[in-house]
Amino acid sequence: MKKFDKDRLLLGLAGPALALVVAFLLTSVVLLLSGRDPVEPYTLMFENAEFTDVQVLILNQTGTYYLAALAVAIGFRMNLFNIGVDGQYRLAAMLAAVVGASIELPGPLHILLIVLVAMLVGALWSGIAGFLKTTRGVSEVVSTIMLNSIATSLIAWLILPANLGVQPAGSNDLTTGEIAESGWMPGLDVEGGSIYGFTLIAFALGVVYWFVLNRTRFGFDLRATGESESAAQASGVDAKRMVLTAMLISGAVAGLSGMPLLLGQTHTYSLSFPVGVGFTGITIALLGRNNPVGIFFAALLISFLEKTSASLDQYGYEKEIATIMQGLIVISVVVSYELVRQYGLRRQQQKVGEELAAQARKNKEEVAA
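We now turn to the structure provided with this report. (Residues numbered from 1 in each chain as written. Predicted model: local features only at pLDDT ≥ 70, side-chain atom pairs only at ≥ 80, totals over all residues. Heavy atoms only, no water.)

## Looking at a negative patch on the surface
Stated formally: Residues forming no salt bridge and having over 30% relative accessible area are the ones grouped into patches, like charges within 9 Å of each other and nonpolar side chains (Val, Leu, Ile, Met, Phe, Trp, Tyr) within 5 Å. A 1.4 Å probe and the Shrake-Rupley method give the accessible areas. Residues count as covered only by the protein chains that appear here. Take a side-chain nitrogen of Lys or Arg and a carboxyl oxygen of Asp or Glu: if they are within 4 Å of each other, that pair is a salt bridge. Charge counting follows a simple rule: Lys and Arg are positive, Asp and Glu are negative, and His as well as the terminal groups are ignored. In this description, the location of a charge corresponds to atom NZ of lysine, CZ of arginine, CG of aspartate or CD of glutamate. Partly exposed residues are those whose accessible area sits between 20% and 50% of the maximum for their type, while under 20% is buried and over 50% is exposed, using a 1.4 Å probe and protein chains only.
A cluster of acidic residues, D37, E40, E47 and E50, forms a negative patch on the protein surface. The class of E40 is partly exposed, set by a relative accessible area of 34%.

## Structural notes on the packing of helix α8 (residues 217–227) against helix α10 (residues 239–256)
For clarity, the threshold we go by: In this analysis an axis means a line fitted to C-alpha atoms, helices contributing only their contacting stretch, and an angle means the value between N-to-C directions, from 0 to 180 degrees. Numbering goes from the N terminus for both helices and strands, where a helix is a DSSP run of H or I of at least four residues and a strand is a run of E of at least two. The cut-offs work like this: below 35 degrees is roughly parallel, past 145 is roughly antiparallel, 65 to 115 is roughly perpendicular, and the gaps in between are oblique. By the convention used here, residues are in contact when the closest approach between their heavy atoms is within 4.5 Å. Here the term charged refers only to Asp, Glu, Lys and Arg, the term nonpolar to Ala, Val, Leu, Ile, Met, Phe, Trp, Tyr, Cys and Pro, and the term polar to all other amino acids, Gly among them.
Two numbers describe how α8 lies on α10: the axes approach to 10 Å, and their chain directions differ by 105°. In terms of orientation, α8 and α10 fall into the roughly perpendicular class. Across the interface between the two elements, F218, D221, L222 and T225 from α8 touch A239, M242, T245, A246 and I249 from α10. A breakdown of the residues in the contact of α8 with α10 according to their chemical character gives 6 nonpolar, 2 polar and 1 charged.

## Here's the deal with the layout of surface pockets
Threshold: Of the two site types, the cavity is a set of points on a 1 Å grid over the protein atoms alone where a 1.4 Å probe fits but cannot get out, and the pocket is an open set with protein on both sides within 12 Å along at least five of seven lines, each lined by residues with an atom within 4 Å of a point. Grid points are joined across faces, edges and corners, and a volume is the space filled by probe spheres set on the points.
Roughly 1,700 Å³ of internal volume is contained in the largest pocket. If you trace the largest pocket, you find 46 residues lining it, with R8, L11, G12, R289 and N291 closest to the centre. At the level of elements, α1 (2–33), α3 (52–77), α7 (197–215), α8, α12 (277–287), α13 (292–308) and α14 (321–368) are the ones that each hand at least two residues to the lining of the largest pocket. Here the lining of the largest pocket takes 12 residues from α14, the largest share from any one element. Across the lining of the largest pocket, the residue classes tally to 24 nonpolar, 10 polar and 12 charged. Roughly 350 Å³ of internal volume is contained in the second largest pocket.

## Remarks on unusual backbone geometry
In terms of backbone geometry, most residues other than glycine have negative phi values and most peptide bonds are trans. We note that H267 has phi near 55°; this positive angle belongs to a residue other than glycine. Its place among the elements puts H267 in the loop between α11 (259–266) and α12. Relative accessible area serves as the criterion here: at 8%, H267 is assigned to the buried category. A positive phi angle, close to 65°, is found at N290, a residue other than glycine.

## Considering the side chain of E140
For the record, the criterion: We define a polar contact as two N or O atoms separated by no more than 3.5 Å, with the added condition that, inside protein, one atom must be a possible hydrogen donor and the other a possible acceptor, whereas residues neighbouring each other in sequence contribute only through side-chain atom pairs.
Locating E140 in the fold gives a position in helix α6 (residues 140–158). With relative accessibility at 7%, the residue E140 sits in the buried group. Among the polar contacts listed, one links the side chain of E140 to the side chain of K133, at a separation of 3.1 Å. In this structure, E140 is in contact with N79, L80, F81 and K133, ignoring residues within four places of it in sequence.

Here it is, written out as structure tokens:
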């Protein structure tokens, strides 16, 4: 049993490790073909990471990506592909900012209200896809893609000054108004900046994610339904209810993805609020294999690539190098995981064959004796 666990661990690490190696090699090939130094950009990125302010930026970005990836991973564990995390995250952040700016409460209550609104909006928006899937059989891939587009248009309409938006004097930007200071979440002041308070909560949610999935009946039912809806149904699990519940939880966690930035820095939602967070979360969840520890390191890696590549253009290298690498990581992840899976199956078949052969020899020796 110990050897099997060891092999399984090695195979689990082999997939992402192979994907990263291939992605770095392919990026180096791209640099060579464009007549650039294939090593210097990496050296510059590691040098940038030595600055404490960049380290703070990386950690804060990691918190946001971690939450988005957890939202995606919850769907993956149910065999659901929630592509709508980006729309859920942005709509939740926007409406939570509107509510937060419209009232003023004692600090903890104000923050709690903003967080609850974000979770509720994210859950309701993803719940639409869950409802369509369980009642009409609509693929969550199709519905969440459509809901992303609807969310984008809805936000653009709601943030107009004639509706819920505010246009600062002398600016072309549109915001939801600034949240009162009672709704700001204090951070951890360190050399180089401040780590968002909600970033630490994000990492704590990873522990909750692991516990619920691996140590509770609900988590077992969720994983069982993801493996086989028919088998779960036969064992007494309401598969449709589990699908809807998983989508609601995934959306609620997606709604939290904007909280580190909203509560820790901007204190308002504006046209410059980050987009694409949900799609990056898909990459991170795949690379981290839906494991909270793996997701953390994957989120840290992607954040590292983004923040350390921001100044590459000062040295004659396009900062889009990091974007190319992220795309190559996605492709490499899919290919490498399939290769590792096939190797694991062959290895398992070989071990079973060896055990059967050993048992056969033992039986022959017993008969001969």
